[in-house]
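An overview of the molecular structure
Here is what each chain is made of, one letter per residue.
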Amino acid sequence: MFHLRKVSRDVARVAVKTRRLSSAPERSLVDLSVDKEGIAIVQMQRAPVNSLNIELMRTICDSVSDLEKDKCKGMILTSASPNIFSAGMDLMELHNPDMKRLEEFSKSMFDLVLKLFGSKIVTTAAIDGYSGAGACVVALALDYRSMTAGKARIGLNDTAVGIPPAKWVADLMTRTMGQRNTELALTSSFMFPAERALQVGLVDEVAKDKEDAVERCKKFIKLYDNILPAVRTHTKLSLRQDFIVEFEKNREQYLKDFMNTITNPAFQNGLDIYISSLKQKKVKAAA
Ligand SMILES: CCCC/C=C\CC(=O)SCCNC(=O)CCNC(=O)[C@H](O)C(C)(C)COP(=O)(O)OP(=O)(O)OC[C@H]1O[C@@H](n2cnc3c(N)ncnc32)[C@H](O)[C@@H]1OP(=O)(O)O
C-alpha cells in the first residue's frame, strides 16, 4: 500500500449525497451511485459480458465528466456481471463494420482512454473477473486496480485476436509494468491471474472477492483525503502530460492505423473464425 504524506488543509469538499443516476435511459448501460463520502461506483451493466461498444464507452466517459463536475473524491469502475469485468471491445463493432460507425467507435475508444487517464478525480477499478484486451487498456488508464484472486484474468490479448497493439497501448502498459514485462505480455497475449498480475505490476492489490476489491479501491481513494485535490491533480497530470500530448499529436494516425487493421480482409477472416469459436464453445458447453 502507498503512504501519502499528510498535508493540512481547510478545503471543504462539496457534499455529495448518496444518489443514483441510473434511472435516466441514457445511463442504463452503467449504474452510477455516489456515497456520502463522495466516492462513486460506476458499475458497467451491459449484459452479458460488458463488451465495449460506442454507447457503453460514451456512457462511462460522460459519467466521469459528471463526477468531475460534482467534485467527487474518486470513482470505482466495476461490473454487474458475475465473473466478468469486461470482455474488451465489442467484437460486433469490429466485424464487417460500417465505416462511419467504426470511425465513431475508434473515437469513442480514444476519448474514453484520454478521459480516464487524464481525469481530475482518483480513478480505480475493482476487477472481479475477465478483463481482456480493450478492458485491460481501460483498467490501465486508471490510477489503481484491485483484482480478485481465483478465476479472474487480465491481459492484453490483442495479438491473439489479430490486432498488433498500437504504440500508445504499449506505452500505457509500459508506464505501469515496465518494458520487459510489457514485451512479454504483449507478444504472448498472456492472461494474468491476479497474483501474477500483482507480481508484474499490472494490478496493485489482490482481493478475495468483489466486495473486498471495492473496499480496497475505497481505501486507496481515501489515502488522498489529506492532499489538496488541485495539488494532486496537478501533480498527476504533469506526470502524465507526455503521454497525453503524444496521443493528441498522433491521434489522426492512430485512427487511420486502427481503421486499416480492422478493415484488412485477413483480420476480418480471422475474426470470423474467432467469433465462431466463441459461439462453438457455448454450444459445446451446453451439450
Ligand atoms: C483499445 C485498444 C485497441 C483494441 C484492442 C483490443 C480489441 C479488443 O478488445 S477485441 C476483444 C477481445 N476480447 C476477447 O477476446 C474476449 C472474448 N470473449 C471471451 O473470451 C469470453 O466470452 C469471456 C471469457 C469474456 C466470457 O466467457 P463466458 O462467460 O463463457 O461467456 P461466452 O463466451 O458464452 O460469451 C457470452 C456472449 O458474449 C459474446 N461475447 C463475448 N465476448 C465478446 C466481445 N468481446 N464482443 C462481443 N460479444 C462478445 C459471446 O459471443 C456470447 O454471445 P452469444 O453466443 O450471442 O450469447
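If you look the protein chain up in an unreviewed UniProt entry, it shows as Enoyl-CoA delta isomerase 1, mitochondrial from Chrysodeixis includens. Its UniProt record gives the protein chain the following Subcellular location (unreviewed entry) comment, quoted word for word: "Mitochondrion matrix". Word for word, the UniProt comment on the protein chain under Function (unreviewed entry) is "Key enzyme of fatty acid beta-oxidation. Able to isomerize both 3-cis (3Z) and 3-trans (3E) double bonds into the 2-trans (2E) form in a range of enoyl-CoA species, with a preference for (3Z)-enoyl-CoAs over (3E)-enoyl-CoAs. The catalytic efficiency of this enzyme is not affected by the fatty acyl chain length."

**Looking at the sheet that holds strand β9 (residues 154-155)**
If you trace the three strands from one edge of the open sheet to the other, you get β5-β7-β9, paired in parallel fashion. The open sheet is flanked by β5 (84-86) and β9, the only strands paired with a single partner. One ladder, built from two bridges, connects β5 with strand β7 (residues 130-132); its direction is parallel. The residue bridging Ser86 from the neighbouring strand is Ser131, located in β7.

**Some details on the site of the ligand**
Neighbouring the ligand are 25 residues; Ser51, Gly88, Met89, Ala133 and Gly134 lie closest to it. Secondary structure elements with two or more residues in the shell around the ligand: α2 (91-94), β7, α4 (134-140), α5 (158-161) and α11 (265-286). Of all the elements, α11 adds the most residues to the shell around the ligand, at four residues. Looking at the shell around the ligand residue by residue, the class counts come to 15 nonpolar, five polar and five charged.

**Details of the nonpolar core**
In this structure, Met75, Ile127, Val137, Ala139, Ala141, Met147 and Ile154 are the most contacted members of the largest nonpolar core, which totals 70 residues. In this structure Val137 touches Val113, Leu156, Val169 and Leu172, once residues within four positions along its chain are discounted.

**Topic: the packing of helix α3 (residues 99-117) against helix α10 (residues 229-263)**
Closest axis-to-axis distance for the α3/α10 pair is 10 Å, and the angle between their directions is 160°. The angle between the axes of α3 and α10 places the two elements in the roughly antiparallel class. Relative to α10, α3 is oriented so that their crossing is right-handed. Taken together, the residues of α10 that come into contact with α3 (itself represented by Leu102, Glu103, Ser106, Phe110, Leu114 and Phe117) are Arg240, Phe243, Ile244, Phe247, Arg251, Tyr254, Leu255, Phe258, Met259 and Ile262.

**Comments concerning the confidence of the model for the protein chain**
With 91% of its residues at a pLDDT of 70 or more, the protein chain shows a mean pLDDT of 90. Confidence drops under pLDDT 50 across residues 1-27; counting only partners more than four residues distant or on other chains, this segment forms 39 contacts. In the model output, the complex is listed with pTM 0.91 alongside ipTM 0.97.

**Quick notes on helix α1 (residues 54-69)**
When the terminal C-alpha atoms of α1 are compared, their 23 Å separation across 16 residues agrees well with the 22 Å that a helix rising 1.5 Å per residue should span. Looking at α1, one finds that the buried residues are Leu56, Met57, Thr59, Ile60, Ser63, Val64 and Leu67. Around the axis of α1, the buried residues are gathered within 160° of arc, so they sit on the same side. Two residues or fewer after α1 comes Lys71, characterised by a positive phi angle close to 55°.

The rules we used
- Residues numbered from 1 in each chain as written.
- Predicted model: local features only at pLDDT ≥ 70, side-chain atom pairs only at ≥ 80, totals over all residues.
- UniProt positions renumbered as here; feature names shortened; annotations may be inferred.
- Pairing = 2+ DSSP bridges.
- Helix = DSSP H or I, 4+ residues; strand = E, 2+ residues; numbered from the N terminus.
- Near = placed C-beta within 6 Å.
- Nonpolar A, V, L, I, M, F, W, Y, C, P; charged D, E, K, R; others polar.
- Core = buried A, V, L, I, M, F, W, Y, C linked by C-beta atoms within 7 Å.
- Buried ≥ 20, exposed ≤ 12 C-beta atoms within 10 Å, placed from the backbone.
- Contact = placed C-beta atoms within 7 Å.
- Axes fitted to C-alpha atoms, helices over the stretch in contact; angles between N-to-C directions.
- Parallel < 35°, antiparallel > 145°, perpendicular 65-115°, else oblique.
- Left-handed = near helix turned anticlockwise from the far one by under 90°.
- pLDDT = per-residue confidence, 0-100.
- Expected span 1.5 Å × (residues − 1).
- Arc of directions from axis to C-beta.

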